[in-house]
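The lines below spell out each chain.
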Amino acid sequence: MKLDKLNAKTIHAAAALSGLGTGSAVADNPLLHAVRDLLGEPGSATQAPAELLCRLVDAGLDRLPLPGGGATMARWRVLAAVAAHNLSLAKLYEAHTDALAILAEAGFDEVPRYSIWGVWCAESPGTQLSARRTAADTAGGSVMLNGEKHWCSGASAATHALLSCRDEQKRPCLAAVDLAQDGIDIVEDEWHAVGMAGTRTARLRLTRVAARMVGGPHFYTGRPGFWQGGAGIAACWFGAAQALADTARQWLTERNDAHGLAHLGQIEVALCAAALALRHAAQWIDAEPASDAARVALRLRLTVEQAARETMEHAGRALGPAIYCGDRRSARLLADLPVFLRQSHAERDLAALGEMCTESGETPWQW
C-alpha cells in the first residue's frame, strides 16, 4: 500500500474536524466513529491491548491522516479516543500509526498487509544496537543488526519495527526490521510496574538480524515529522485525562457538594487550556508542515502534562479513594497515566523550551 496516498474519503471526512469536543464531531467523522464502535464502551473490553490493536489494524482503522497533512486534529482525536478507552492500547496504537507516518515520510512504498509495527528508539546507557552493511549490499540499504534494544512496548505482538541504531561511523540511523526471523530474543524481565503493564514492554537481543535502512543518517530526529509525532503523544495524555474528568463530573454531579465542585472547576480550567493548546498546535503544524515544530511540540506536551497531573490530583482530592478503588476504568487510568506521562522529560523539556525562548527572541504569549 502507498502510505503517502491515504484514502481520499477518509481524509475528506477527517478534515471536517476542527475541535476537541465530542458530540456532532463523532457523527461527522466515519474514522473516529468506527474506532469507538469497534472498541465499545470505554473500559468494557476484556481483550488484551495487543488483541485490540490487531482488530483495529485488520479493520483498516490504523490509516490515520498524516501529521501536517491538513487533518492533524483529526489524527489526534482518534489517538485521544483510543487513550480514553485504554492507555496501554493507546501506547501500542500510537507507535504503530507513528511508524506508518515515518515510513511515508521516508518514501517507503510497501508495507505488509496486516503488519503490526513498533517504534523502538530509546537509547539506554550502556547498550547499543549496531548496524553493519552486508557484504553483498552496494546501495547501503541492507544491514545486519547486533546488540540490545530496551523499552520495546508490544514486542511480543509486533510483526515489524523501526529501531534506532548506529552505523559504522557511529551515526544515528533508523532501520526497519521484520521480527519473524532468527536472531531475535524477546526478554520480558524489566517491567515491574502495575501501570502500563498491558504494553508487555520488553528488551530485545539481536544477533545478525537482517534489516533495511530507513532514510539516511540522522533521518529519524532530523525530519519535520519527529516533533509532529512527539506532539501527538500529548493527545493520548489528553484523552486519558478527559476520561478521568468525565468520571469525576458524573460522580460530583450526583454529590453536588461545594468542595467537590471547586475541584471540578479546576479540572475544567486545566483541560480547557490543554484543549486550546492542542487545537493551536494542530493548526500550526498543518500551516507549517515543513517547519521545525520543536518549540510548539514541547510547549504543547508540557501544557497537557500539567493539565493531566492537575486532573488526577483534583479528581482524587474531590472524590477520595473511590476514584482509585471503586471504578475499574478510573483505577486503571490512574495507574497507567503517571507512567505514560514520564515519556515527557520534565524539567529537561522545560529547560529546552526556555533556551528556545531566549535564543529566538520571540514571546509567543504576546497577544
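The shown structure was predicted, so the numbers you read here are calculated from the model rather than taken from an experiment.

Cut-off values and rules
- Residues numbered from 1 in each chain as written.
- Predicted model: local features only at pLDDT ≥ 70, side-chain atom pairs only at ≥ 80, totals over all residues.
- Heavy atoms only, no water.
- Helix = DSSP H or I, 4+ residues; strand = E, 2+ residues; numbered from the N terminus.
- Expected span 1.5 Å × (residues − 1).
- Buried < 20%, exposed > 50% of the residue type's maximum accessible area, 1.4 Å probe, protein only.
- Polar contact = N/O pair within 3.5 Å; in protein donor to acceptor, adjacent residues only side chain to side chain.
- 1 Å grid on protein atoms, 1.4 Å probe; cavity = no way out; pocket = protein on both sides within 12 Å on 5 of 7 lines; lining within 4 Å.
- Points joined across faces, edges and corners; volume = space filled by probe spheres on them.
- Phe/Tyr/Trp six-rings, centres within 6.5 Å; stacked < 30°, edge-to-face > 60°.

K.L.:
How should I be thinking about helix 6 (residues 87–106) in this particular structure?
P.N.:
Residue pairs three or four apart in sequence face the same way in an α-helix, which turns once every 3.6 residues. Counted at 1.5 Å a residue, the expected span for helix 6 with its 20 residues is 28 Å, and the 28 Å between its end C-alpha atoms agrees. Of all 20 residues in helix 6, 17 are buried, a share of seventy percent or more. One side-chain oxygen at the N-terminal end of helix 6 lies 2.9 Å from the backbone nitrogen of Ser88; it belongs to Asn86. At the C-terminal side of helix 6, Gly107 shows a positive phi close to 85°.

K.L.:
Please clarify how the layout of surface pockets should be interpreted in this entry.
P.N.:
In this approach the atoms are scanned with a rolling probe the size of a water molecule, which exposes any empty space left behind. Approximately 1200 Å³ is the volume attributed to the largest pocket. Residue lining of the largest pocket: 40 residues in total, with Lys91, Cys121, Ala122, Tyr220 and Gln343 positioned closest to the centre. At the level of secondary structure, the elements contributing two or more residues to the lining of the largest pocket comprise helix 6, strand 1 (117–120), strand 4 (160–166), strand 5 (172–178), helix 7 (219–222), helix 8 (225–255), helix 10 (294–319) and helix 12 (328–341). Per-element tally for the lining of the largest pocket: the top contributor is helix 8, with six residues.

K.L.:
Teacher, can you tell me more about the packing of aromatic side chains here?
P.N.:
Centre distance and the angle of the planes are the two values used to describe a pair of aromatic rings. Scanning the model with the defined rule gives three aromatic pairs in all. With centroids separated by 6.2 Å and ring planes inclined at 85°, the aromatic side chains of Trp151 and Trp191 adopt a geometry described as edge-to-face. Linking Trp151 in strand 3 (residues 142–152) with Trp191 in the loop between strand 6 (184–187) and strand 7 (202–213), this pair joins segments that are 40 residues apart in sequence. For Trp151, a relative accessible area of 49% corresponds to the partly exposed category. Judged by relative accessible area, Trp191 falls into the partly exposed class, the value being 28%. Seen in terms of ring centroids, Phe226 and Trp227 are 5.3 Å apart; in terms of plane orientation they differ by 80°. Their pairing is edge-to-face. Take Trp227: its relative accessible area is 24%, and that puts it in the partly exposed class.

K.L.:
Would you mind showing me how to read empty space enclosed by the protein here?
P.N.:
In this structure the tally under the stated criterion is five cavities of 30 Å³ or more. As for the largest cavity, its lining consists of Leu53, Leu92, Ala95, Ile116, Trp117, Gly118, Trp120, Ser153, Gly154, Ala157 and Ala158. Contributing elements (two or more residues each) for the lining of the largest cavity: helix 6 and strand 1. The dominant element in the lining of the largest cavity, judged by the number of residues it contributes, is strand 1, at three residues.

Keep in mind that these numbers describe shape and distance, not what the molecule does.
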